[in-house]
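Survey of secondary and tertiary structure
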Amino acid sequence: MRLAACVFFLASLTAVADGGEPVEKQPALEWIRVAPNARGFIFAESQKAFHPWGLNYGHEGKLIEDFGATDWPVLEDDFRKMKSLGANVVRVHLQFGKFFPQREHVDAGALERLSSLLALAEKTGLYLDLTGLACYRTADVPAWYDALSEPNRWSAQAAFWEALAERCEKSPAVFCYDLMNEPCVPGGMRKPGDWYSGKPFGGYDFVQFIALDQGGRERPQIARDWITKMSAAIRRHDRRHLITVGMLPWVPRWGFLSGFVPESVAPEIDFV
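About the criteria used
Residues numbered from 1 in each chain as written. Predicted model: local features only at pLDDT ≥ 70, side-chain atom pairs only at ≥ 80, totals over all residues. Heavy atoms only, no water. Helix = DSSP H or I, 4+ residues; strand = E, 2+ residues; numbered from the N terminus. Buried < 20%, exposed > 50% of the residue type's maximum accessible area, 1.4 Å probe, protein only. Contact = heavy atoms within 4.5 Å. Pairing = 2+ DSSP bridges. pLDDT = per-residue confidence, 0-100. Axes fitted to C-alpha atoms, helices over the stretch in contact; angles between N-to-C directions. Left-handed = near helix turned anticlockwise from the far one by under 90°. Nonpolar A, V, L, I, M, F, W, Y, C, P; charged D, E, K, R; others polar. Core = buried A, V, L, I, M, F, W, Y, C linked by side-chain atoms within 4.5 Å. Expected span 1.5 Å × (residues − 1). Arc of directions from axis to C-beta. Salt bridge = Lys/Arg side-chain N within 4 Å of Asp/Glu carboxyl O. Phe/Tyr/Trp six-rings, centres within 6.5 Å; stacked < 30°, edge-to-face > 60°. Lys NZ or Arg CZ within 6 Å of the ring centre and 35° of its normal.

When you go through the protein residue by residue, the secondary structure sums to 8 helices and 11 strands. Across the 272 residues in the protein, those meeting the buried criterion constitute 49%. Put simply, of all contacts in the protein between residues at least 6 apart along the chain, 76% involve residues at least 24 apart.

In structure tokens:
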């Protein structure tokens, strides 16, 4: 295990008060690395400790794609407010369907907005936790995507990460690529197309399955194989930014058995 560090995030931007003070352009961001003792993070150039502290980002219950293309000043203002609160990391949730509305065709506009987001983060001195493959509003998920077989779905997910990594690889504003929020491996078999928990929280389904049929495989091995494929897609273009994955509790007595066992997946990612 390369790192056993926890990154804590505040619940949401709803805690931000109105009227945040303007934030002047910050000094150039340093790249972030895992510390040599594998117990935290450091700035790559100065070698000083970096302590991630920030927020999950949304605006009044909306996903970033709901307003980023039409009301960019709101996003800019929110970033200034988060910086004024002392945040240094912002976790943004990127919806798969907004980047790949059609199979094998990444949306150029979505990539351009991602570039604008990187520039905004650099300007305000904030790092981004890019949490991808989100399908929180299942009504927005392309039908073709949910109809894919496991191997083809994994390939589509890898294409998502390859497109993002190619766009982000030169920006120091990326703290990490978070492969998916709370992925799960099924114990047994699920119905065709049944990739989600079916238990929305606040109107969004945050839990996603990476397979529908365990097929006699060990669940932690499925998780490792999936992480390996996603990471390889990123590393084709970006070998510097950190990679992690969302983790649900692994507590058998509570019934929390996602298949993503920390001890098993840790060697495949940069931090837990």
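A word on the sheet that holds strand 4 (residues 49–50). Read from one edge to the other, the open sheet built from 3 strands follows the order 2-3-4, with strand pairing classed as antiparallel. Every other strand in the sheet has two partners, leaving strand 2 (32–34) and strand 4 as the edge strands with one partner each.

Inspection of the secondary structure puts serine 231 in helix 7 (residues 219–235). Separated by 13 residues in sequence, serine 231 and threonine 244 have C-alpha atoms that sit 9.2 Å apart. Contact partners of serine 231, with chain neighbours within four places excluded, come to Leu179, Ile243 and Glu268.

Averaged over all residues, the pLDDT of the protein is 90; the fraction at 70 or higher stands at 90%. Low confidence marks residues 1–20, where pLDDT is under 50. Its contacts with residues over four positions away, or in another chain, come to 57 contacts.

Bringing the packing of helix 6 (residues 150–168) against helix 7 into the picture now. As a packed pair, helix 6 and helix 7 sit with axes 7 Å apart at the nearest point and diverge in direction by 35°. When the axes of helix 6 and helix 7 are compared, the crossing they make is right-handed. In contact with Trp154, Ser155, Gln157, Ala158, Trp161, Glu162 and Ala165 of helix 6, helix 7 contributes Ile222, Asp225, Trp226, Lys229, Met230, Ala233 and Ile234. Here the residues of the contact of helix 6 with helix 7 sort into 9 nonpolar, 2 polar and 3 charged.

Grouped together as the largest cluster of nonpolar side chains are 71 residues, with contacts concentrated most on Phe79, Trp161, Phe175 and Trp226. Of the residues forming this core, the biggest block, 8 residues, is contributed by helix 6.

The next point concerns helix 2 (residues 72–84). Its 13 residues place the ends of helix 2 19 Å apart at the C-alpha level, agreeing with the 18 Å of an ideal helix rising 1.5 Å per residue. For helix 2, the complete set of buried residues consists of Leu75, Asp78, Phe79, Lys81 and Met82. For helix 2, the angular spread of the buried residues around the axis is 160°, confining them to a single face. Contacts from the buried residues of helix 2 go to strand 5 (53–56), helix 1 (64–67), strand 6 (89–95), helix 4 (108–124) and strand 7 (127–134). Within two residues after helix 2, glycine 86 carries a phi angle of roughly 100°, on the positive side.

Moving on, we get to the side chain of serine 264. Checked against the element boundaries, serine 264 lands in helix 8 (residues 262–265). Look at serine 264 and you get buried, because its relative accessible area is 15%. Apart from the residues lying within four places of it in its own chain, the contact partners of serine 264 are Pro220 and Arg224.

Turning our eyes to something else, we now look at the pattern of salt bridges. Taken as a whole, this structure holds 14 salt bridges when the rule is applied. Salt-bridge contacts for aspartate 129 lead to arginine 91; the nearest nitrogen and oxygen are separated by 4.0 Å. Here the residue aspartate 129 occupies a position in strand 7, and arginine 91 occupies one in strand 6, the gap between them amounting to 38 residues. Across the pair glutamate 112 and arginine 167 runs a salt bridge, and its minimum N-O distance is 2.9 Å. Placement of the pair is glutamate 112 in helix 4 and arginine 167 in helix 6, with a sequence separation of 55 residues. Glutamate 112 sits in the partly exposed class, given a relative accessible area of 47%. Linked through salt bridges whose partners overlap, the residues forming this network are Asp66, Arg137 and Asp140.

Right, let's talk about the packing of aromatic side chains for a bit. Tallying each qualifying case throughout the model produces 19 aromatic pairs. Here the aromatic rings of phenylalanine 41 and phenylalanine 175 are separated by 5.2 Å at their centres, their planes lie at 75°, and the arrangement is edge-to-face. One end of the pair, phenylalanine 41, is in strand 3 (residues 41–43); the other, phenylalanine 175, is in strand 8 (residues 174–178), and 134 residues separate them in sequence. Here phenylalanine 41 falls in the buried class, since its relative accessible area comes to 5%. A network of ring pairs unites the aromatic residues Phe96, Phe99, Phe100, Trp144, Tyr145, Phe160, Trp161 and Tyr177 as a single cluster. One residue, arginine 153, lies across the ring of tyrosine 145, its end atom 3.9 Å from the ring centre.

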